[in-house]
Amino acid sequence: MASFVKAVLAVAAVLATLVSPPTASAAETLRINGTGSGLVVIKPLAEAFQKENRGIVIEMEKSLGSSAAIKAVSHHALDLAVSGRALKPAESAEGLIQQEWGKTPLAVLANRGVRSKDVTLKELAAMYAGSTPKWPGGELVRVVLRPNEDTDTKLARSMSPEMDRGLSAAQGRKDMLLGITDNEAYDFVKKTEGAVALMALTLALAEPNSVNVLKLDGVQPSVASVSSGKYRFVKEMHLVTRKDAPAAVAKFVKFLNSKKGRSIAARHGLHVTGVK
Amino acid sequence: MIRHSQSIRRSTTLTAGILSAVLTVVPPAIYFVMAFSHMTGVIETEGEINARVVGTLVVANPRMWEFEELRLNELLARRSTETAEKRVLYNLKGQVIAESSDKMLPPLLSKTFPVHDAGHQVANLVVSRSLAPTLMVTALLFCLGALAAGFTFFRLRTVPLRAIENAYRSLKQSEEKYRSVYESLNEGLALYRTVPGSGTDIDLVLADMNPAASSVFGFGRDDIGKSILQVQGGLFAPVREALQGAPAEVSLELTQEGAGRVFVVNAFPMGDGMVATLLEDVTEKKRSAEQLEHLAYYDSLTGLLNRRMLLDRMEHTIGIAQREGLKMATLFFDLNGFKPINDTMGHEAGDQILIEVGRRLKSSVRKKDTLARLGGDEFVVVATLDTEDNASCIAQNLLRKLSPVYEVGGREVYVGASIGISVYPDDGTTPETLLKNADIAMYNAKKPGVEFCFYSAQMNQKLQERTRLEFELWMALEREEFFLEYQPIMDARTGRIAAVEALVRWMSPEKGRVMPDSFIPLAEATGIIIPLGEWVLKTACTKLRQWLDAGCLPLRMSVNISGCQFMRSELCRLVEEAAEQTGVDLALLELELTETCLVKDVEETAAKLWHLKGLNVSIGIDDFGTGYSSLQYLKNFPIDHLKIDRAFIRNVCELPDERAIVDAIIGIAKAMELHVIAEGVETLDQAEYLAHRGCDELQGYYYHRPLSEERLLEVLRQERERFEQGSGAGDAVIVGAVPTQPV
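All figures in this text were calculated on a predicted structure; none of them were measured in a lab.

The rules behind each value
Residues numbered from 1 in each chain as written. Chains lettered and ligands numbered in written order. Predicted model: local features only at pLDDT ≥ 70, side-chain atom pairs only at ≥ 80, totals over all residues. Helix = DSSP H or I, 4+ residues; strand = E, 2+ residues; numbered from the N terminus. Buried ≥ 20, exposed ≤ 12 C-beta atoms within 10 Å, placed from the backbone. Contact = placed C-beta atoms within 7 Å. Axes fitted to C-alpha atoms, helices over the stretch in contact; angles between N-to-C directions. Parallel < 35°, antiparallel > 145°, perpendicular 65-115°, else oblique. Left-handed = near helix turned anticlockwise from the far one by under 90°. Nonpolar A, V, L, I, M, F, W, Y, C, P; charged D, E, K, R; others polar. Core = buried A, V, L, I, M, F, W, Y, C linked by C-beta atoms within 7 Å. Expected span 1.5 Å × (residues − 1). Arc of directions from axis to C-beta. pLDDT = per-residue confidence, 0-100. Pairing = 2+ DSSP bridges.

K.L.:
I'd like a rundown of the overall build of chain B, residues and numbers included.
P.N.:
Of regular secondary structure, chain B possesses 23 helices and 25 strands. With 743 residues in all, chain B has 32% of them scored as buried. Across chain B, the fraction of contacts at a sequence separation of at least 24, relative to all contacts at a separation of at least 6, is 61%.

K.L.:
Let's hear about the overall build of chain A: which residues, and what values?
P.N.:
Helices and strands together make up the secondary structure of chain A, namely twelve helices and eleven strands. Of all intrachain contacts in chain A linking residues separated by at least 6 positions in sequence, the fraction that spans at least 24 positions is 76%.

K.L.:
Report on the packing of helix H16 (residues 571–582) of chain B against helix H18 (residues 602–614) of chain B, specifying residues and quantitative values.
P.N.:
Residue and element names in this part refer to chain B. Relative orientation of the contacting elements H16 and H18 amounts to 15°, with a least axis distance of 9 Å. Relative to H18, the element H16 lies roughly parallel. Classified by chirality, the crossing of H18 by H16 is right-handed. Across the interface between the two elements, Leu571, Cys572 and Val575 from H16 touch Lys608, His611 and Leu612 from H18. Broken down by class, the residue content of the contact of H16 with H18 amounts to four nonpolar, one polar and one charged.

K.L.:
Pulling in residues and values, what's your account of the interface of chain B and chain A?
P.N.:
Taken together, the contacts link eleven residues of chain B with 15 residues of chain A. Top element by residues in the side of chain B that touches chain A is helix H2 (residues 69–76) of chain B. It accounts for five residues. Among the residues forming the side of chain B that touches chain A, the class breakdown is five nonpolar, one polar and five charged.

K.L.:
A description of the nonpolar core should follow, citing residues and the corresponding values.
P.N.:
By size, the foremost hydrophobic cluster in this structure holds 103 residues, and its most contacted members are Ala69(A), Leu109(A) and Val189(A). Filtering out sequence-adjacent residues up to four positions away, Leu109(A) remains in contact with Val189(A), Ala197(A), Met199(A), Ala204(A), Val211(A) and Val213(A). In this structure, Ile497(B), Leu591(B), Phe624(B) and Tyr702(B) belong to the second largest nonpolar core, which totals 71 residues.

K.L.:
Explain the packing of helix H5 (residues 121–129) of chain A against helix H7 (residues 161–172) of chain A to me, using residue names and the numbers behind them.
P.N.:
Residue and element names in this part refer to chain A. Across the interface, H5 lies against H7 with an axial gap of 7 Å and an inter-helix angle of 20°. By the angle between their directions, the pair H5 and H7 is classed as roughly parallel. Crossing handedness for the pair H5 and H7: left-handed. The segment H5 lies against H7, with Leu121, Lys122, Leu124, Ala125, Ala126, Tyr128 and Ala129 engaging Glu162, Met163, Arg165, Gly166, Leu167, Ala169 and Ala170. Partitioned by chemical class, the residues of the contact of H5 with H7 number ten nonpolar, one polar and three charged.

K.L.:
Break down H7(A) for me, citing the residues and quoting the values.
P.N.:
All names here are of chain A. Counted at 1.5 Å a residue, the expected span for H7 with its twelve residues is 16 Å, and the 17 Å between its end C-alpha atoms agrees. Looking at H7, one finds that the buried residues are Met163, Gly166, Leu167 and Ala170. End-on, the buried residues of H7 take up no more than an arc of 100°, which puts them together on one face. When the buried face of H7 is taken as reference, the exposed residues oriented beyond 90 degrees from it are Pro161 and Gly172. Against H5, strand S6 (142–145) and helix H6 (151–157) lie the buried residues of H7.

K.L.:
I'd like a description of the confidence of the model for chain B, backed by residues and values.
P.N.:
Residue and element names in this part refer to chain B. Scored by pLDDT, chain B has a mean of 85; 95% of the residues are at 70 or more. In this model, residues 728–743 is a region of pLDDT below 50 whose contacts with residues beyond four sequence positions or in other chains number 23 contacts. With a pTM of 0.45, the predicted complex shows an ipTM of 0.75.

K.L.:
Provide a residue-level description of the sheet that holds strand S3 (residues 108–117) of chain B, including the pertinent values.
P.N.:
Pairing between the strands of a sheet comes from backbone hydrogen bonds, and it takes one of two forms, parallel or antiparallel. Residue and element names in this part refer to chain B. Read from one edge of the open sheet, four strands run S2-S1-S4-S3, paired in antiparallel fashion. Every other strand in the sheet has two partners, leaving strand S2 (96–101) and S3 as the edge strands with one partner each. Averaged over all pairs of adjacent strands, the angle between strand axes in this sheet comes to 15°, irrespective of strand direction. Taken together, the ten bridges between S3 and strand S4 (residues 120–130) define a ladder with antiparallel strand orientation. For Lys111, the partnering residue across the bridge sits in S4 and is Val127. Packing of H2 onto the sheet brings it into contact with strand S1 (86–91) and S2, and relative to S2 it is tilted by some 40°.

K.L.:
Quick rundown of the sheet that holds strand S10 (residues 327–336) of chain B? Include the residues and the values.
P.N.:
Residue and element names in this part refer to chain B. Spatial strand order, S11-S12-S10-S15-S16: five strands in an open sheet with mixed pairing. The sheet terminates laterally at strand S11 (370–375) and strand S16 (452–454), the two strands that pair on one side only. In this sheet, adjacent strand axes meet at a mean angle of 20° when their direction is disregarded. Sheet analysis places S10 next to strand S15 (residues 416–424), joined by nine bridges and oriented antiparallel. Bridge pairing links Leu331 to Ile421 in S15.

K.L.:
Tell me about the pairing of S1(B), and name the residues and values.
P.N.:
Residue and element names in this part refer to chain B. Two elements, S1 and S2, share five bridges in a ladder whose sense is antiparallel. Across the sheet, the residue bridging to Arg87 is Ser100, located in S2. Counting the residues that bridge the hairpin from S1 to S2 gives four residues, and of these Gly94 lies at a positive phi of roughly 90°.

K.L.:
I'd like a description of unusual backbone geometry, backed by residues and values.
P.N.:
Omega for the peptide link from Pro106(B) to Pro107(B) comes to 0°, which places this bond in the cis form. Position of Pro107(B) among the secondary structure elements: in the loop between S2 and S3. Geometrically, the link from Tyr424(B) to Pro425(B) is a cis peptide bond, its omega value of 5° lying close to zero. Of note, Asn209(A) is a non-glycine position whose phi angle comes to about 65°, a positive value. Position of Asn209(A) among the secondary structure elements: in the loop between helix H9 (201–206) and strand S9 (212–216). Of the residues examined, Asn209(A) has 8 C-beta atoms within 10 Å and is grouped as exposed. Here Asn616(B), not a glycine, exhibits a phi torsion of approximately 75°, which is positive. With respect to the helices and strands, Asn616(B) occurs in the loop between H18 and strand S22 (618–624).

K.L.:
Go over the pairing of strand S3 (residues 80–83) of chain A, please, and point to the residues and values.
P.N.:
Residues and elements named next belong to chain A. Because side chains alternate across S3, one face comprises the buried residues Leu80 and Val82, and the other comprises Ala81 and Ser83, equally buried. By the bridge criterion, three bridges tie strand S1 (residues 28–34) to S3 in an arrangement that is parallel. When the sheet's bridge partners are listed, Asn33 is paired in S3 with Ala81.

Structural data, given as C-alpha cells:
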C-alpha cells in the first residue's frame, strides 16, 4: 500500500511538472541524449521548442546511445534519454519512467554509389550471410554491422530467420564494418562504396541525399508506409526520464507530443505514436 | 679403492643429478619464460590498442563516456585472436565501467593500461589472460623432462656405476685371487718400494711380504720400512746392486753363509715404483739335483761313470782327438769267473769284487782317461793314444792290475778279464759305434788263450750273421718252419722198433733244409731253445698219441732236452701240460739229457729229475762218455738209460781202446741196472758186437736214418705185418736180420 501511494505521488509529480507553464526567469537547462537516430529528430524539435521556451536551454552532446543515455539519466547526468528500446526491469527499478514516443522505419540504407533501388529481405539476408557478394550493378557488398547488443541488431535479427542467420554469419566474419554508434555506422554507409546497413530512416532524412534508401520487398520506407502498416520493420523510440525530472522535461515531452512536435518528427522520419 | 669408488659414485651421481635436474627444469622453464614473455607482449599490444580505441570513445564524449557501457563493451570485445581474455575498464575510482570476459582458469596474467583524455588519465584498462594453458604445457614439459631426466639419470649414473662396480668387483675378485696366490705361495715374495738413495742410486724399502717370506725366510713385520740393506743382515743387498740401471728382471743365487742355505732371488719391477722379489730356498733342490745328477751320471756301486756319462765323455774325447789328430782307444772289459763267484758266494761278494775291480782300474788309468762301468761285470776305459800299440800296453797293464787275488768273505778268488778294443777313427767315429765294436772284439777275446782283442770288420760280419740268424729263428718259430723227423731205436734182442728219437729240423725258405748243428747252439744262446724245445716236446707227444690211435704198436718217444732248457724252463710243468693236452701215456716218453745239464746245480737237478720220475717219464743220458761221466750222478739221479756217444761206436770193432770204453760203459750200466743204447751204429759188425756185449738197443744208419712221419708210419706198418706173419720166431737175437732198408 505504501509503495502504491508512493507511485501515485510520483506520477502526480511528473504530471505536475509537465503541465506547469514555463517561466522566463527560470533559465533551465535540459540535458537530452540517447540513440543517434532519435537525436537527429530531437534536434529540430529542440530548436523549435527553445524558440518557444527561451528560458529553457537544451543541451545535446554527441549521441551516447540508448543504454548509456538511460544510465546517465539514472545518474542524474541527463534529464531525458531518447531510447531505441524499452526500459529493462532493472532500469525501471531505479526509478526511471518511460513513454513511447514514436516509430521510425528500419530502412535499408546503401551507399549512394549503389544503383539498386530495391532489395528483397531474402536478398538482404544473402548479402549479410555473404552468399551474395555483389550488388546487381557489380559493386561489392560491404555490410555495416552494429554491435551485437545494439537495438538495431536485435531488430534486424527479428526481421526473418534468414536475417538472423545472415547476421550471425556476418558477426563471425572479420572483414565486417562495425559502427558502434548510429552516427558512426551511418558514416560508414555514407562513405563506403557498396556499403549497406539496416538503420533508422531518421538518420537518412537528417542528411538528405547522402545515402541511397532502398525499397524493401518493394515498399519504400517512410512515415506514411509505417503509419499505414505497409512497412513492417520499425524502430520504436522511447522517452526515458526520472521521476524527479525537472519540469522542463515534462514541458519538452508535451511539446513532442504536440501537433507541431508531431509534424516536425514526421518530417524527420518519426511517426509519433504518443504515450501508451 | 673403496674411497675411489665412493668418490666416483658421488661424482657420477652429482653429475647425473645436475644433468637430470637441468633436463627436468630447463625446457619447461624456457618454455614458460618464452610463453610468459609472449603473452605479456601480446597483452601489452592488445591493451595498448584497446586503450587507444576506448580513449577515442572517451574523447568523443568526455563527460558522458562512462555511461556508454554497451559501446565500451563492444570495444573491449574487439579481439585480434581467439585466445580467452578478460578486459575490464575501470574509472579512476576503481569502478567497473565496462567488461568483456571469457571463461578463464586462474591464475591470470594481468596488465593495466591507462586511458587518457587530453593528457589526463581518466580510466584504467586491465587486460588479463589465463596462465593455465601455459602452466599446463609447462607441467607437461616438466613431466616429459622428468621422464627424460630419469632415463638420463639412469644412463648417466646407474649404467656407468654398474660398469664401475662390475669393474671393481672383478678387480676385487682378481685381487683376492692373486692375494690368495700371493699368500699361499711356497716361495717367499717380498715387495719393495724404490726410493732415491745416495747419488744416482736407488734404495729398496721393504713394503710387504707374504707368509712364506716370514716363515721360511725369516722376514718379520718389523722389517717393513727397512732398507733392503738392513733386512736379513743385508743378505739380499746384491739384489739392490743388480737392479741399479737394470730395468728388467734379474735373477740371483745367494748363499747364506753359516746356515748353508742357497736362495734364488728373482727381482722384477712391478711398476709404480715397486719391485717384487721372489725368494726360493733351493738348498734341498740343489742337493737333490746334485744327487740326481750323480745317479744319472755315475754308477752307484763303484762311483764310476755310468753309460750315459761315458757316452758324453767319449763325445768330448772324440772332439779332442779330432782336433789334435789323435787316436782314441775304447777298451771294453768283461770279467772272467765273476759269474760263478756271484752265483756261489752271493751278490754281496760279487759287489765287493766289482768295487775292487773299479778301484784297481781307477788307480791304473791316467787322469785324462775315462773309466766307466756299464753294468754287470762290464767296464770301459777310454784313452787317447798315439798308436794302437799303446792300447795293447794299456790293456796289458790293466790286466796285470786285475790279476792279483781278491779276498772276499775270507776266501781268495781270482778274477780275470777279456778286453775288446776299438780305435777311433778306424773302428768308428761315434761313441755308440766304438762301444759296440769294442764289445764285439771282447767276445772274440773270450776265446781261450786270448786276453784282449782288437776289433776287425770280420767280427762285425759274424755278429751280423749271428744276429740275422737269430731273427730268422724267431721268424721260423712264428711261421712254423720247424718240423720233426724220427729215427727209430731198435730192440737189439727182438729187432723190433722199440722207440723213436724225435729230431728237430728247419726248412728255411731261403736256406732250404737246415740241420740242428747250425742253429741249436744259437737257439740255446739266445733263449729261442725254450719255446723251440716246448714245441718239440708237445709235437712229439701229439704225434705219438696220433700213431697209437691209428693202431701202431706201443713205442717210446725219445725227446732231447737242451741243458739250457732243462735249467731255465719249467720242464716238469711243460711235461704235465703235454700229457694233459695230448693224453699220451708218459711211460712212453723218454727225455734225453746231456751230462753237462746234470752237474750245474745238483740239488735243483735232482729235484727236477725226481719230479719227472714221479710223472713216470723215462730219463736218459745222451752222448754218455764225452762229458763228466760221473758215476755219482748215475747213482743219485733217477736215470733209466745211457746212450753211448757215437764217437765210441764208430771204431768199436777196430780200436781196442774204444771197445774197452764201450765194454766198460755197458758193464757199469748193467751193474747199475741201467738200460744201454748205442747210437751211430752203421755196420752189421757194430750191431752184432754191441748186441753181443749186452747193449739193449741200437740206433743208427745201419737200421734207419731219421725218417719223415709218413715214412716212419710205413716202416712201422711193415714191421707189424712182418711180425704178425712170423710171430713164432722166438726170442733169438736177430740183429742182422732186421735192417731191410738202411737209408
